[in-house]
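# A look at the structure
Okay, here's what each chain looks like letter by letter:
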Amino acid sequence: MQIHWIALALGLVAAAANVCGGLVVVRWRARPEYLKYFVALGAGFMLAASLLEMLPESHKRIGSQAGLWLLVGYLLMHFFEHTLSAHFHFGEEIHTTEVAHWHRGQVILVGLMAHSFVDGMSIATGFLVSPWLGWVIFGAVFLHKMPEGFAISSVMLASGRRAQYALTAAGLLGAATLAGVLVMMPLHAEVPYTLPISAGVTLYVAASDLIPEVNSEPGIRMALVVFVGVVFMLSLKKLFS
Ligand SMILES: [Zn+2]
Ligand SMILES: [Zn+2]
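The text that follows walks through the structure, step by step, so that each part is easy to find. (Residues numbered from 1 in each chain as written. Chains lettered and ligands numbered in written order. Predicted model: local features only at pLDDT ≥ 70, side-chain atom pairs only at ≥ 80, totals over all residues.)

Below, the discussion takes up the overall build of the chain. Counting secondary structure elements, the chain contains nine helices and zero strands. Listing the helices and strands of the chain from first to last along the sequence gives α-α-α-α-α-α-α-α-α. Of all 241 residues assigned to the chain, the portion counted as buried reaches 54%. Looking at the chain alone, contacts between residues at least 24 apart form 85% of all its contacts between residues at least 6 apart. (Helix = DSSP H or I, 4+ residues; strand = E, 2+ residues; numbered from the N terminus. Buried ≥ 20, exposed ≤ 12 C-beta atoms within 10 Å, placed from the backbone. Contact = placed C-beta atoms within 7 Å.)

In this model, helix 2 (residues 33-62) (30 residues) spans 42 Å end to end at C-alpha, consistent with the 44 Å of a helix rising 1.5 Å per residue. Ser50 marks where helix 2 bends most, by close to 35 degrees. Looking at the residues trailing helix 2, positive phi occurs at Gly63, about 60 degrees. (Expected span 1.5 Å × (residues − 1). Bend = angle between axes of the 7 residues up to and from the residue.)

Our next topic: the nonpolar core. By size, the foremost hydrophobic cluster in this structure holds 83 residues, and its most contacted members are Ala43, Ala49, Ile123, Ala124 and Ile152. Of all elements in the fold, only helix 1 (2-28), helix 2, helix 3 (65-83), helix 5 (102-129), helix 6 (131-158), helix 7 (163-184), helix 8 (191-215) and helix 9 (221-240) reach the threshold of two or more residues within this core. A total of 16 residues in this core trace back to one element, the largest contributor, which is helix 6. The residues contacting Ala124, other than those within four sequence positions of it, are Ala7, Val181, Met184 and Met185. (Core = buried A, V, L, I, M, F, W, Y, C linked by C-beta atoms within 7 Å.)

To continue, consider the packing of helix 1 against helix 7. Packing of helix 1 against helix 7 leaves a shortest axis separation of 8 Å and a crossing angle of 165 degrees. The orientation of helix 1 relative to helix 7 falls into the category roughly antiparallel. The interaxial crossing formed by helix 1 with helix 7 has right-handed handedness. Counted by class, the contact of helix 1 with helix 7 contains 19 nonpolar, seven polar and no charged residues. (Axes fitted to C-alpha atoms, helices over the stretch in contact; angles between N-to-C directions. Parallel < 35°, antiparallel > 145°, perpendicular 65-115°, else oblique. Left-handed = near helix turned anticlockwise from the far one by under 90°. Nonpolar A, V, L, I, M, F, W, Y, C, P; charged D, E, K, R; others polar.)

Moving on, we get to the packing of helix 6 against helix 7. Angle between the axes and distance between the axes: these two values describe a pair of packed helices. Look at helix 6 against helix 7: their axes get within 8 Å of each other, and the N-to-C directions meet at 145 degrees. Where helix 6 crosses over helix 7, the handedness of that crossing is right-handed. Along its contact with helix 6, which presents Glu148, Gly149, Ile152, Ser153, Met156 and Leu157, the element helix 7 presents Tyr165, Ala166, Leu167, Ala169, Ala170 and Leu173.

Here we take up the environment of His59. By the element assignment, His59 lies in helix 2. Sequence spacing of His59 and Pro192 is 133 residues, and the spatial spacing of their C-alpha atoms is 8.8 Å.

Let's shift gears to helix 5. Compared with an ideal rise of 1.5 Å per residue, which puts 28 residues at 40 Å, helix 5 spans 42 Å between its outermost C-alpha atoms and is within 8% of the ideal. In terms of burial, helix 5 is largely enclosed, as 21 of its 28 residues are buried.

A separate point is the environment of Phe138. Here Phe138 shows up in helix 6. Phe138 has contacts with Leu10, Ile123 and Gly126, leaving out every residue within four places of it along the chain.

This part takes up the environment of Ala199. Locating Ala199 in the fold gives a position in helix 8. Owing to 31 C-beta atoms within 10 Å, Ala199 belongs among the buried residues under this scheme. Taking the C-alpha atoms as reference points, Ala199 and Trp69, separated by 130 residues in sequence, lie 8.7 Å from one another. Setting aside residues up to four positions removed in sequence, Ala199 forms contacts with Ser50, Met54, Leu55, Ser58, Leu70 and Gly73.

Listed below in structure tokens is the structure:
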């Protein structure tokens with residue numbers, strides 16, 4: 001049962017990172033340099049985790065069906081983050097006209113809560129497979145949690161809400177993450193499907209949420225940090241698995 005407590009504790013750490021991201025916006029009203037590194041490092045780490053760890057592990061369980069469930073996970077995120085709401089990205093929200101409508105902030109919050117819920121499910125799914133996979137998925141989630149909290153609070157401020165509300169929104173993402181861990185814990189039998197779905201969600205966040213943010217930065221420094229993220233994941237594998 002120890003593994004359940006570890007997953008829960010790491011869910012709490014991830015949730016705290018959401019709130020930290022929100023605090024950064026509310027206090028400083030601008031995106032600090034180090035958050036960009038989290039985005040780039042997270043993108044590389046998540047790409048490697050999804051394709052080199054989560055997908056092969058799913059393949060062992062359900063064979064060629066793994067690709068289908070990965071696609072389901074990918075499209076699920078595409079629906080919640082970019083179909084429900086017409087404008088959302090992981091950066092600092094400066095396009096105030098796009099999010100000015102009060103209702104739109106609410107829709108983006110719902111989409112990101114669904115995403116965060118899956119983040120939590122992914123951590124628990126990982127630990128139900130092995131401690132190694134649990135830690136890898138936690139790493140993938142943790143690295144994008146601060147940018148995620150930052151993004152939602154920044155959307156809330158851009159849509160005219162007060163700081164208190166912006167911070168609460170980041171807290172709600174944290175709560176959704178914890179809920180995901182708790183809901184997944186007893187679902188051992190569903191792991192063969194939640195694992196490839198998590199792989200698809202991880203791939204989406206890396207390739208479709210984070211990489212576009214990396215590419216919007218001038219220069220090649222951020223682009224290079226993506227490779228560092230991949231190498232980071234691979235070295236952890238050498239050391240610990
Ligand atoms: Zn925008
Ligand atoms: Zn997330």
